[in-house]
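This is what each chain is made of:
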Amino acid sequence: DDEPLNFVDRRGQGMVSDRRSLTLAESLSLTDEARIVCESAPPYRIIHTNVAWKEACGFSFIEVAGKTCSVLQGEETQRAALETLSLALQQKRPVNVKLINYRKDGTPFLNSLHVAPVKGGSHFYGRFITAQPITNGSVAPREETPELNPVPEAPVSYVGKGGGRCQRRVSQAQLADMLESEDPYVLCSSEWPHVITHASPAWCEMCGYMAEEVEGLTNKILTGPDTDSEALASLLAHVRAEEPTVQTVWNYKKGGERFLNQVTVLPLYDESHELAAFASILKEVDSEDLAIDADAWRRLSAVLETQGPILDTPRREAAQALLGARAAVLRDLCNAKRRTQRDLGHVPSKHKEFADRALAELVRRLLGERPAAPGSEEEGAVWQRVAQILPARIATEVIDGRPPDMSPAAARAIIEETRRNA
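Cut-offs and rules
- Residues numbered from 1 in each chain as written.
- Predicted model: local features only at pLDDT ≥ 70, side-chain atom pairs only at ≥ 80, totals over all residues.
- Heavy atoms only, no water.
- Core = buried A, V, L, I, M, F, W, Y, C linked by side-chain atoms within 4.5 Å.
- Buried < 20%, exposed > 50% of the residue type's maximum accessible area, 1.4 Å probe, protein only.
- Helix = DSSP H or I, 4+ residues; strand = E, 2+ residues; numbered from the N terminus.
- Contact = heavy atoms within 4.5 Å.
- Pairing = 2+ DSSP bridges.
- Salt bridge = Lys/Arg side-chain N within 4 Å of Asp/Glu carboxyl O.

1. A short note on the nonpolar core
Counting 37 residues, the largest nonpolar core has Leu359, Val363, Leu366, Leu367, Val386 and Ile414 as its most contacted members. If you tally residues by element for this core, the top one is helix H12 (residues 352–366), at 8 residues. Filtering out sequence-adjacent residues up to four positions away, Val363 remains in contact with Trp297, Leu300, Ala319, Leu322 and Leu323. Formed by 25 residues, the second largest nonpolar core is a distinct cluster that contains Ala34, Cys57, Ala88 and Leu99.

This is the structure:
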């Protein structure tokens, strides 16, 4: 057998042997070696590549995301090596293979490849031990770049002990689940300064950056003159406490275009329930949703800063969640065509101002302020409608990749207040 090959990652965090499986977080970490991460089931779609992989192969992450490693194959790629690799993938065991691959420009190279399942088996990672260009003419260049068509859908499911199909529902958000999300998000390292290790295709499309451009940078690249420093400080405080949070801030795309961003920061955990990364999930919202009685909401934010420390934790968390996600909640409540939950009832858009006041009143009560009354019978009916349908929107667990809105205790605090409001 070959001697185990070791590498040191870019940040000098130690030696890792081929004979020890990497965790998913380690496979996504910054490194100078060419690295790729794929799904654990056929057809083994690509979900992550790094800068070094692009330099070795010529393909950017956006070009291969959701595709398979067949983009590197050509006429001289050895069938025997591919069969060895395929068998190892089926058996979910590590393997070292040598085979001829091709760069995007058709240049052949001899690839010494190590492939293994991550610890826990949720994904496979591959790394190039060596990638030696073939320049002696023994292998002809590939004449055409392969078409990067979508691969056929493969049946992938989580199977419980009883053999039936089930979806993962856990109180802690899992790193492996986050990688299945189609939302615009970046993964950041669990340690300060929380550098970006992975950017999803949707995030790249939304923000205008290539994944390779932001690898190793921080989310500061999205900030600008109108970004609220207090909101950023609140985000950082929740990161330090390993707590999820939602804030609405002005951010900037690569070309300088300003957009209103409801950003969810979520701690992610590995199969051992250890902190593995942080996710920053973006949602562009309509600035008109913040124009209604903005002064009242700014006052409530100030009250939360002063009263928060003396409130019980569930009420403080509930108020923080509503303040941070106000724009999205208001949009869901008042726009039947854009609801994030299709079965959620709604308030007519002409009553958006009343619905906004109902949400503000709920926050006031969570903060311990004296209850106020609606301004009219019509507004009172809208308050009651909001109190009836708001609890149905609250998610307290990770479901289908959607992060939780808040803890169960905070949700109960909102339900109790909405019942009083109703």
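2. Some points on the pairing of strand E6 (residues 108–117)
Counting buried residues in E6 gives 9 out of 10 residues, a clear majority hidden from the surface. Strand direction decides the pairing type here: strand E5 (residues 95–102) and E6, joined by 8 bridges, are antiparallel. Bridge pairing links Asn101 to Phe109 in E6. Remark: 5 residues form the turn of the hairpin made by E5 and E6, two consecutive strands paired antiparallel; Gly106 in that turn has positive phi of roughly 95°. Looking at chain direction, E6 and strand E7 (residues 123–133) are connected through 9 bridges and run antiparallel. Across the sheet, residue Pro117 finds its bridge partner in E7, namely Phe124. From the end of E6 to the start of E7, which pair antiparallel, there are 5 residues, and Gly120 there has a positive phi angle of about 100°.

3. What about the side chain of His198?
Mapping His198 onto the fold places it in strand E11 (residues 196–199). Residue His198 is classed as buried on the basis of its relative accessible area of 3%. Apart from the residues within four sequence positions on either side, His198 is in contact with Ile47, His48, Phe61, Leu179, Tyr185, Val186 and Leu187.

4. Considerations on the pattern of salt bridges
In the structure shown here, the tally under the stated rule is 15 salt bridges. Of the charged contacts, one joins Lys254 and Glu213 as a salt bridge, the two residues approaching to 2.7 Å between their closest N and O atoms. Placement of the pair is Lys254 in the loop between strand E12 (245–252) and strand E13 (258–269) and Glu213 in helix H7 (residues 211–214), with a sequence separation of 41 residues. The partly exposed category is assigned to Lys254, whose relative accessible area is 43%. Glu213 gets classed as partly exposed once you look at its relative accessible area, which sits at 33%. Because the salt bridges share partners, they merge into one network encompassing Arg299, Glu361, Arg364, Arg365 and Glu369.

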